[in-house]
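Chains, contacts and geometry: an overview
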Amino acid sequence: MLTGANVVLPTGTVKGGQLAVEGRRITGTPPAGARRIDVTGHWLVPGFVDIHNHGGGGASFSGTAEDILTAIRTHRAHGTTTLVASTVTDEMDLLVRQAGLLSELAEQGDIAGIHFEGPFISPCRKGAHSEELLRDPDPAEVRKLIDAARGKAAMVTLAAELPGGIDSVRLLAEHGVIAAIGHTDASYEQTVEAIDAGATVATHLFNAMPALNHRAPGPIAALLEDERVTVELINDGVHLHPAALELAFRHAGAERVAFITDAMDAAGTGDGRYMLGPLEVEVSEGVARLVEGGSIAGSTLTLDRAFQRAVTVDKLPVEDAVTALSANPARLLGLADRIGSLEPGKDADLVLLDADFALKGVMRQGEWVVAPQLP
């Protein structure tokens, strides 16, 4: 029994509330003889769900099984109790091999699925992806990655304006895989066509796509205006100006925003040299940039920091931050019946925050990942 906290529920925040856990799940009735933990003055929110994450703790989801587990443990310690592992552009045979490895970990419940970011993206908006390895989204090759994931492909980011793009979006939608528009040079009209074909996510909105223009509104306007689309935002203070974040929330609403990390190896570690796929990255003062060219190369963000920034710097209501960090990504993954909110019967995935929204405890499936150190 956790007692005395501000408990953020789907219906609102209960001040001085309590939450009971029995085994792996939240229960509506306290179990007999339950141990009581007084967390008065703290916040209890659902475990965070990250649908776009490349690694952390000095390790990558493009690495070995031990690398993958290191990255998972790093983000769990920062409140991410459910995570989709993202790959970066590489040779197709390497991506197929990595998909096989990641699918095994998904089957074990370590990750919630696989996100392929590249190679089906625009060379004009490649960001931190190797241009020589990019290719058009041929539906046959997209299907090859889906098959390699053995039912664990969660999302594919592609540039729908490229040859085969719209057909690939339809293919993904037919197979229950999220088609995400990103690293794209698409026009407004091309983006609308992609959404009509089944695209439902904007990969890190604003980043790696044309800027909003009054005569050529481009993908940003199309993605923001359509109620079928959830927009990813990287809330680290580097990728987005606060006004851009406010614009997204104002036009899409909290129900259509998913905060992500887009984290690379350096998340949870520190400055230095790292690899992002085949490309070398320099992290300085927490900002990751390609050594060659200087493009931003993912982030060093963890979702506890994204949450804290959302409510203290961006002044979002706590409930909106919870929606963007937990409920919306859980819904996108088709897991809202099990995770994403604090409700009886759901997994006991929760994050304990102090009055300043600093992380103090993490529970996953009823077990403390970070046990709270309380007076």
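See the structure above.
As the structure is a computational prediction, the values presented were derived from the model and not from experiment. (Residues numbered from 1 in each chain as written. Predicted model: local features only at pLDDT ≥ 70, side-chain atom pairs only at ≥ 80, totals over all residues. Heavy atoms only, no water.)

**Observations concerning the packing of aromatic side chains**
Basically, it comes down to this: When two rings of Phe, Tyr or Trp (its six-membered ring) have centres within 6.5 Å they constitute a pair, described as stacked for plane angles under 30 degrees, edge-to-face for angles over 60, and tilted for the intermediate range. A run of H or I in DSSP counts as a helix once it spans at least four residues, and a run of E counts as a strand once it spans at least two, with each numbered from the N terminus. Each residue is placed in one exposure class: buried if its accessible area under a 1.4 Å probe, protein chains only, is under 20% of its type's maximum, exposed if it is over 50%, and partly exposed if it falls in between.
A complete count under the given rule lists four aromatic pairs for this structure. Here the aromatic rings of Trp43 and Phe357 are separated by 5.3 Å at their centres, their planes lie at 35°, and the arrangement is tilted. Here Phe357 lies in the loop between strand 19 (350–353) and strand 20 (359–364) and Trp43 lies in strand 5 (residues 43–46), a separation of 314 residues in the sequence. Side by side, Trp43 and Phe357 carry an identical accessibility label, which is buried. Look at Phe307 and Phe357: their rings are 6.2 Å apart centre to centre, the planes differ by 40°, and that puts the pair in the tilted class. Of this pair, Phe307 sits in helix 8 (residues 303–312) while Phe357 is found in the loop between strand 19 and strand 20, placing the two residues 50 residues apart along the sequence. A relative accessible area of 12% places Phe357 in the buried class. Taken together, the ring pairs connect Trp43, Phe48, Phe307 and Phe357 into an aromatic cluster.

**What about the sheet that holds strand 11 (residues 153–158)?**
Put simply, the test is: Two strands qualify as a pair provided DSSP detects at least 2 bridges between them.
Within the open sheet, the eight strands sit side by side as 6-9-10-11-12-13-14-15. Their pairing is parallel. The open sheet has two edge strands, strand 6 (48–53) and strand 15 (257–260), and neither has a second partner. As judged from the two bridges shared by strand 12 (residues 178–181) and strand 13 (residues 201–202), these two strands associate in the parallel manner. In the sheet register, Ala180 faces strand 13, and the bridge partner there is Val201.

**Brief notes about helix 8**
Rules: The directions from the helix axis to the C-beta atoms form the arc being described.
Taken together, the buried positions of helix 8 are Leu303, Asp304, Ala306, Phe307, Ala310 and Val311. An end-on view of helix 8 places all buried positions within 160° of arc, on one side of the element.

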